[in-house]
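# Observations on the three-dimensional arrangement
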Amino acid sequence: MDHVVETTIAFDRPACLPLRREIHALRARLEHVSGDSWHCGDVERDLRAQRALLRTVVDESPDLIVMKDHEGNFLLCNKPVADFYGTTPDDMVGKHDGDYSATPEQAEFFRRNVIEIMARGETVVVFEDSTDDRTGETRHFKSIKKPFMGDDGLPRILVIAHDITDITRAQQQVQESERRLSYVLNVTGEGVWDWDLATDRLQHNQRWYELLGYEKADLSSTLADFDHCVFDQDRDAVKLAINRCLQGHGAYRHEHRMRRKDGSVIWVLERGDVVERDAEGRPLRMVGSFSDVTERRLAEAETQRLAFFDPLTGLPNRRLMLDRLEHAIGNSARTSGYGALLFIDLDNFKDLNDTKGHAAGDTLLKQVGQRLSGCLRQADTAARMGGDEFVVIVENLGADAMQAATHAESVATMVLREIGMPYDIDGATCCSTPSIGIVLFGAPDDTADELLKRADFAMYQAKSAGRNTLRFYDPAMQEAMLARAALETSLRAGLQRGEVEIYLQPVVDAERRVVGAEALARWQHPERGNVPPAEFIPLAEQCGLIHQLGGHVLQAACDQLVRWSRSPASSTLKISVNVSARQFHQADFVRQVTDIIDRSGARADLLKLELTESVLLDDVEATIVKMTELKAHGVCFSIDDFGTGYSSLAYLKRLPLDELKIDRSFVADVLTHPNDATIVRTILALAQAFSLDVVAEGVETEEQRQFLMQHGCALFQGYLFGRPVAVGQFELTGD
Ligand SMILES: Nc1nc2c(ncn2[C@@H]2O[C@@H]3COP(=O)(O)O[C@H]4[C@@H](O)[C@H](n5cnc6c(=O)[nH]c(N)nc65)O[C@@H]4COP(=O)(O)O[C@H]3[C@H]2O)c(=O)[nH]1
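Going by the annotation in an unreviewed UniProt entry, the name recorded for the protein is EAL domain-containing protein, with Piscinibacter koreensis given as the source organism. The UniProt entry for the protein carries this comment under Catalytic activity (unreviewed entry): "3',3'-c-di-GMP + H2O = 5'-phosphoguanylyl(3'->5')guanosine + H(+)".

Encoded structure:
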C-alpha cells in the first residue's frame, strides 16, 4: 500500500452516539415543535422514505462510500464501490475487500486500518490505493474514515473514499518532470535562476551557488547580488543582453565572466528568456541558466595562442603579423599617414646556435624578443618570422614622408642599440648584432607581401654593407629587385639548359709550369652574352640556386680531373673550386661533394675547395667539422682572398688548410704601396710558419712575379700566365 497518510478530523457530534437514540430524539423534537403526537407507523414510513432518499444520494455520489462492521466487513456499500469491485451493493454485504479485486496486501491494510481507527474512535483521513476490478489498475483514494457506535454496541465505521488518481498522477508526473529536470540540470552542471520582476527576487538552484562558490546565505537573492557576481568589464554587455530579452527580442545567449566568492574568475555561457508577461506584454518573470565554460575558453585561448603567437618568444608569429600588417596598411591608406616595416635579421645567430647549442640560441632569441618589445610603443607590433628573423610594424608616423622616415630610423637605431648590447646566456656574455631593412608604407596599392619583400631586400643591403646596420628600401632598389627577379628566372632556366659552364685559369709554379687551375663559373646568357660571376653568384646565393650551381661546377671540375688523369702530363694537375658561404653551410654539403667525387671517379686530393674568410668566420665550429670530414676524404682546402677579411690566427691554426691565396688587390699594388708589400710579405711568412702553400692571385706583370718570388711565393695565378678560358682551350703551359 503506497503512500498512506492519516489525518484526524474533529466532527461536531460524538461519533459513538447510537442511531436509534437519534431517531427517538428526532421524533420527540418534532412532537414538541408541532404539538402533535406522532404515530409509530408514520415515523417508520418517513424513515423509509428518508432511507430511500439517502440510498439514492449515496449511490449517486461519485465517491466510494462503505460502512464496515467492527471486523472490517461491509455493512453497506454504494454503487460506485460495487462497480469498482465488479459486483452489486447487496452482494458485498458481509464480505470484505479481499473478496474482490483488492490485492491481499490492500485488503489486509483496509481491515487493519479501520479496526485501528474504530479503536481510536477518531475520524481520520487516509490516502490509500485499491485495485479497480474493471481495469485492473491501482487507483488512489483520499478516504475519510469516521468511526461510530452501532445499535448493538459494537463499533462501526463509515468510509467515504474520493478517487484522486488523476490528481495524484498529475502530481506524480509533475514531480517526475521536476526530478528529471533537476537530474538533467545536475548532469549538465547548469546553474539555474528564476527572476520574479515584480518582487525583484531571484531564486537559484544549488548548482548556481556551487558554481560561484557561494553558500545560499551569502547572497540576498536580488538582481543587485547577481550583478555583483558579474565580472566588472562584462557587466554592461550582460545588462544589454538581458534588456534586449526583456524588450521582447527573444531568448538571449551570452558568454561572459563571473567572479566567484574567492575572487577567481570563471567564464560562463548564460541563456535566459522571459517566461511570463502581463496583458500589456510587460515582463513578469524570467528564467535562465548558465554553465561553466572556463575550460573551453582556456582551450580556445591556448589554441589561439599557438596559432598566432610564437611559443618561444611569445611574440606574434608570421600569421598574426601578416594580419596586423594588412590592418596597418589599410589604416595608413585611410588616414593618409605613413607606417614603417622593419625586417630584422640577427647577424651571427647561427654561430651562437652551433657553438653554444640550441638551448643557448633559444635563450638569446627570447631576450631579443623582450628587448624588441621594449623598444616599441603599445600600438606597434614586434613579431618573430621564424629562425632569427623578426619584424616590427610601426604605425601612425604622420603624413610627411621625411618625418616618417626619420621616426622609423630612430626606432631602428634604438633596436640596433638594444639588440646589439651584450647578452647574458647561462652566465656567459654573448653578442649579437642585427641587420635591419626598413620600408615605409602608406600607398593605397601597398600589399603585405610586397612590403615584406622590400624590407627583406633592404635588410640584405644592410648585410652587404657590413652588418649591424640599417638600410632603407628606395625606388632604385625596386628596379634592382625587378631586375634581380628577372635574372633569377633566367638563371634557373639557364642552369637547366646548361648555359653555365666552367672556365679554367692556370696556376703556375716558379718555372711557369702549370700545376693546376682555378675553375670559374661562366654563364652564357642567350641575350646578354657572358654574364660575370660577380653578378649571378650572389643572386644564386640569395635565391637558393647556389646549391644547384655549386654542384654543377664541382661536377664539371671533377669531370675535368678525370679527363686529365688519362694523360701523364696532366694527371697530377689540381683544380680549385670556389665555394660560397650559403653553399658550404648547406646541411648536406659534405655528402654532395663526396658523392660527386665518388661518382666521377676523380682523385679527391686533386680537388681543392676555395673558401673565403667570411665563410670560415660565419660559423667556425660547424666549418671545422665539415672541413675535417672532407679532409678525411682527401679533399684539399684553400683560403681565397686572404688578407681582406679578419681571420684570427687562432682559427687558422685549427682549420685543416693546405693553401692561402693572396688577394689580387695586394698583388696589384705590391710594387707601389709599401703597406701592400708588407701585407704580402707577412702572408708569405705566416704561410711558411703554418707550412701552407701560397698562391698569389692577379699577377699581371713580370715585376710582380719577381717581387713575390723574392719573398718566397712559389705559385702564381693571373693574366701574366693565362686568362680563364673554356675547358677545351686550356693549355698546359703558363706563358
Ligand atoms: N684583374 C685581374 N683579375 C684576374 C686576374 N687573374 C684572375 N682574375 C680574376 O680574378 C677572379 C678570381 O677568382 P676569385 O677571387 O675566386 O673570385 C671569383 C669567385 O669569388 C666568384 N666565382 C667564380 N666562379 C665561381 C663558382 O663557381 N662558385 C662560386 N661560389 N664563386 C665563383 O666570382 C669571382 C670573380 O670571378 P671572375 O670574374 O672569374 O674573376 C676571377 C678571375 O677572372 C688578373 O691577373 N687580374
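Next comes the rest of the description.
## Observations concerning the sheet that holds strand β9 (residues 252-259)
On the basis of which strands lie adjacent, the open sheet formed by 5 strands has the order β8-β7-β11-β10-β9 and antiparallel pairing. Bordering the open sheet on either side are β8 (201-204) and β9, each of which pairs with just one other strand. Averaged over neighbouring strand pairs, the angle between their axes works out to 25° when direction is ignored. Strand direction decides the pairing type here: strand β7 (residues 191-196) and β8, joined by 4 bridges, are antiparallel. Across the sheet, the residue bridging to Trp-193 is His-204, located in β8.

## Comments concerning the site of the ligand
Taken together, the neighbourhood of the ligand is formed by 22 residues, with Gln-505, Asn-578, Asp-640, Arg-664 and Glu-700 sitting nearest. Within the side chain of Arg-664, one N or O atom sits 2.6 Å away from an oxygen atom of the ligand. Within the backbone of Tyr-719, an N or O atom sits 2.9 Å from an oxygen atom of the ligand. Surface burial for the ligand is 83%, taken as the share of its 790 Å² of free accessible area covered by protein chains.

## Describing the packing of helix α13 (residues 358-374) against helix α14 (residues 401-420)
It is at 9 Å that the axes of α13 and α14 come closest, and there the two elements cross at 145°. Of the two possible hands of crossing, α13 and α14 adopt the one that is right-handed. Contact with α13, carried on its side by Val-368, Arg-371 and Leu-372, involves Val-415, Glu-418 and Ile-419 of α14 and no other residues of that element. Of the residues that constitute the contact of α13 with α14, the class distribution is 4 nonpolar, no polar and 2 charged.

## Description of the sheet that holds strand β17 (residues 434-441)
Think of a sheet as strands paired side by side through backbone hydrogen bonds, with each pair either parallel or antiparallel. Within the open sheet, the 5 strands sit side by side as β13-β14-β12-β17-β18. Their pairing is mixed. At either margin of the open sheet sits one strand with a lone partner, and together these are β13 (381-386) and β18 (470-472). Taking the axes of each pair of neighbouring strands and ignoring which way they run, one obtains an average angle of 20° across the sheet. Relative to β17, strand β12 (residues 339-346) is paired through 8 bridges, and the arrangement is antiparallel. Paired with Leu-342 across the bridge in β17 is Ile-438.

## Some remarks on the environment of Asp-588
Secondary-structure assignment places Asp-588 in the loop between α19 (581-584) and α20 (589-600). Classification of Asp-588 as partly exposed rests on a relative accessible area of 26%. Once the C-alpha coordinates of Asp-588 and Lys-626 are considered, the two residues, 38 residues apart in sequence, prove to be 9.7 Å apart.

## Describing the pattern of salt bridges
Inspection of every chain in the model, using the stated rule, returns 48 salt bridges. Close ionic contact of Glu-190 with Arg-271 constitutes a salt bridge, the shortest N to O distance being 3.2 Å. One end of the pair, Glu-190, is in the loop between α6 (165-188) and β7; the other, Arg-271, is in strand β10 (residues 265-277), and 81 residues separate them in sequence. Taking relative accessible area as the criterion, Glu-190 reaches 8% and is therefore assigned buried.

## Side note on the pairing of β10
For a regular strand, the rule is simple: side chains alternate between the two faces of the sheet. By the bridge criterion, 8 bridges tie β9 to β10 in an arrangement that is antiparallel. Across the sheet, the residue bridging to His-254 is Glu-270, located in β10. Linking β9 to β10, which pair antiparallel, is a turn of 5 residues; within it Gly-263 sits at a positive phi near 95°. Here β10 pairs with strand β11 (residues 283-292) via 9 bridges, running antiparallel. By the bridge assignment for β11, Val-268 is matched with Asp-292. In this structure, the hairpin formed by β10 and β11 is closed by a connection of 5 residues, where Gly-281 is found at a positive phi of approximately 85°.

## Focus on helix α5 (residues 104-120)
Over its 17 residues, α5 extends 24 Å from the first C-alpha to the last, a length consistent with the 24 Å expected when each residue adds 1.5 Å. Among the residues making up α5, those that are buried are Gln-106, Ala-107, Phe-109, Phe-110, Asn-113, Val-114, Ile-117 and Met-118. Across the axial projection of α5, the buried residues extend over an arc of 160°, all falling on one side. In α5, the exposed residues that point more than 90 degrees away from the buried face are Pro-104, Glu-105 and Ala-119. Immediately beyond the C-terminal end of α5, within one or two residues, lies Gly-121, with a positive phi of roughly 70°.

## Thoughts on the packing of α20 against helix α22 (residues 620-632)
Interhelical geometry of α20 versus α22 gives an angle of 20° and a closest axis separation of 10 Å. In terms of orientation, α20 and α22 fall into the roughly parallel class. Where α20 crosses over α22, the two elements pack in a sense that is right-handed. Residues Phe-589, Val-590, Val-593 and Thr-594 of α20 form the contact with α22, whose participating residues are Lys-626, Glu-629 and Leu-630.

## As for unusual backbone geometry
Although it is not a glycine, Ser-336 sits at a positive phi angle of roughly 55°. Among the structural elements, Ser-336 can be located in the loop between α11 (318-335) and β12. Residue Asn-396 is not a glycine yet carries a positive backbone phi of 55°. Along the chain, Asn-396 turns up in the loop between β14 (389-394) and α14.

## Overview of the state of the cysteines
Inspection of every chain in the model, using the stated rule, returns 0 disulfides. The thiol of Cys-431 is not disulfide-bonded; the next cysteine sulfur, from Cys-430, is found 7.5 Å away.

## Structural notes on the pairing of strand β2 (residues 64-68)
Within β2, 4 of the 5 residues are buried, which leaves it mostly tucked inside the rest of the structure. Where β2 and strand β6 (residues 155-163) come together, 5 bridges link them in antiparallel fashion. Looking at the pairing, Val-66 lines up with Val-159 of β6. In terms of strand pairing, β2 meets strand β3 (residues 74-77) through 3 bridges, oriented antiparallel. By the bridge assignment, Lys-68 is partnered in β3 with Phe-74.

## Section: a nonpolar patch on the surface
Together, Tyr-183, Val-184 and Val-187 line one region of the surface with nonpolar side chains, adding up to about 320 Å² of accessible area. Take Tyr-183: it is sitting in helix α6. Looking at Tyr-183, the relative accessible area reads 57%, which means it is exposed.

## Quick notes on the packing of aromatic side chains
One pass over the structure, following the stated rule, counts 10 aromatic pairs. Measuring from centroid to centroid gives 5.4 Å for Tyr-85 and Tyr-100, while their planes differ by 10°, and the two rings are stacked. Remark: Tyr-100 occurs in the loop between α4 (89-92) and α5 and Tyr-85 occurs in helix α3 (residues 79-85); sequence separation between them is 15 residues. The residues Tyr-85 and Tyr-100 share a single accessibility class, namely buried. Taken together, the ring pairs connect Phe-84, Tyr-85, Tyr-100 and Phe-141 into an aromatic cluster. The ring of Trp-267 carries Arg-297 above its face, with NZ or CZ at 3.5 Å from the centroid.

What counts and how
- Residues numbered from 1 in each chain as written.
- Predicted model: local features only at pLDDT ≥ 70, side-chain atom pairs only at ≥ 80, totals over all residues.
- Heavy atoms only, no water.
- UniProt positions renumbered as here; feature names shortened; annotations may be inferred.
- Pairing = 2+ DSSP bridges.
- Helix = DSSP H or I, 4+ residues; strand = E, 2+ residues; numbered from the N terminus.
- Axes fitted to C-alpha atoms, helices over the stretch in contact; angles between N-to-C directions.
- Near = heavy atom within 4 Å.
- Polar contact = N/O pair within 3.5 Å; in protein donor to acceptor, adjacent residues only side chain to side chain.
- Areas by Shrake-Rupley, 256 points an atom, 1.4 Å probe, with all protein chains shown as cover.
- Left-handed = near helix turned anticlockwise from the far one by under 90°.
- Contact = heavy atoms within 4.5 Å.
- Nonpolar A, V, L, I, M, F, W, Y, C, P; charged D, E, K, R; others polar.
- Buried < 20%, exposed > 50% of the residue type's maximum accessible area, 1.4 Å probe, protein only.
- Salt bridge = Lys/Arg side-chain N within 4 Å of Asp/Glu carboxyl O.
- Expected span 1.5 Å × (residues − 1).
- Arc of directions from axis to C-beta.
- Parallel < 35°, antiparallel > 145°, perpendicular 65-115°, else oblique.
- Disulfide = S-S within 2.5 Å.
- Patch = residues over 30% accessible without salt bridge, like charges linked within 9 Å, V, L, I, M, F, W, Y side chains within 5 Å.
- Phe/Tyr/Trp six-rings, centres within 6.5 Å; stacked < 30°, edge-to-face > 60°.
- Lys NZ or Arg CZ within 6 Å of the ring centre and 35° of its normal.

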